[in-house]
Amino acid sequence: MATNKELLSKGIKYLAGALPLLFLGPAVIYNAFMNQQNVWHYLVLAIGIIACLAAMLLMYLGLKIIMKSLFND
């Protein structure tokens, strides 16, 4: 079984895109909860939640593509 290098690099790119969102999302959510008196509280909270969801989606897609490249699915 040979590894498909093109799919492997594509999966690693997805994981590399998820890495900043893994740190950015919780930081934005924390900032939203610390500034609850601000008018933009719900907008900042929504942006943080979207960043966390995007990180999870990118990690799922990246791992799925990496598994496909390793096992020739």
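A quick note: this is a predicted structure, and the numbers were derived from the prediction, not measured. Counting restarts for each chain, with residues numbered from 1 along the sequence as it is written. The model is predicted, so local features are restricted to residues of pLDDT at least 70 and side-chain atom pairs to those at 80 or more, both for listing and for counting; the totals for chains, interfaces and linings are taken over all residues. Here the side-chain values reflect all heavy atoms present in the structure, with hydrogen atoms and water set aside.

With that settled, consider the overall build of the protein. Secondary structure is summarised from DSSP: a helix means a run of H or I of at least four residues, a strand means a run of E of at least two, and numbering begins at the N terminus for each. Within the protein one finds two helices and zero strands. What the globule rule says is 2.2 Å times the number of residues to the power 0.38, and the radius of gyration is computed from C-alpha atoms. On C-alpha atoms alone, the protein measures out to a radius of gyration of 17 Å, which is more than a quarter above the 11 Å that the 2.2 N^0.38 rule sets for 73 residues. Viewed in the frame of its principal axes, the protein has a C-alpha envelope of about 60 × 15 × 10 Å. The buried share among the 73 residues of the protein stands at 21%. Within the protein, contacts between residues at least 6 apart in sequence are counted, and of these 74% link residues at least 24 apart. Think of it in three bands: with a 1.4 Å probe and only protein chains considered, a residue is buried below 20% of the maximum accessible area for its type, exposed above 50%, and partly exposed in between. In what follows, residue pairs with any heavy atoms lying within 4.5 Å of each other are defined as contacts.

A cluster of nonpolar side chains, Met 1, Met 67, Leu 70 and Phe 71, forms an exposed patch at the surface whose accessible area comes to about 460 Å². You can see Met 1 is positioned in the segment before helix H1 (5-34). Excluding any residue in a salt bridge, patches collect residues exceeding 30% relative accessible area, merging like charges within 9 Å and nonpolar Val, Leu, Ile, Met, Phe, Trp and Tyr side chains within 5 Å. Computed with a 1.4 Å probe, the accessible areas rest on the Shrake-Rupley method; for each residue, only the protein chains presented here act as cover. We define a salt bridge as a contact between a side-chain nitrogen of Lys or Arg and a carboxyl oxygen of Asp or Glu at a distance within 4 Å.

With that settled, the discussion passes to the environment of Leu 24. Take Leu 24: it is sitting in helix H1. Since its relative accessible area comes to 48%, Leu 24 is described here as partly exposed.

Mapped onto the secondary structure, Ser 69 falls in helix H2 (residues 41-71). A 3.5 Å cut-off defines polar contacts: any pair of N or O atoms within that distance qualifies, except that in protein one atom must be a possible hydrogen donor and the other a possible acceptor, and neighbouring residues in sequence count only when both atoms are side-chain atoms. A polar contact is formed between the side chain of Ser 69 and the backbone oxygen of Ile 66, at a distance of 2.8 Å. Apart from residues no more than four positions distant in its own chain, Ser 69 is found in contact with Ala 2, Thr 3, Asn 4, Leu 7 and Leu 8.

What follows is about the environment of Leu 70. As for its position among the elements, Leu 70 is in helix H2. Sequence separation between Leu 70 and Leu 7 is 63 residues; the distance between their C-alpha atoms is 8.7 Å. Setting aside residues no more than four positions away along its own chain, Leu 70 makes contact with Met 1 and Thr 3.

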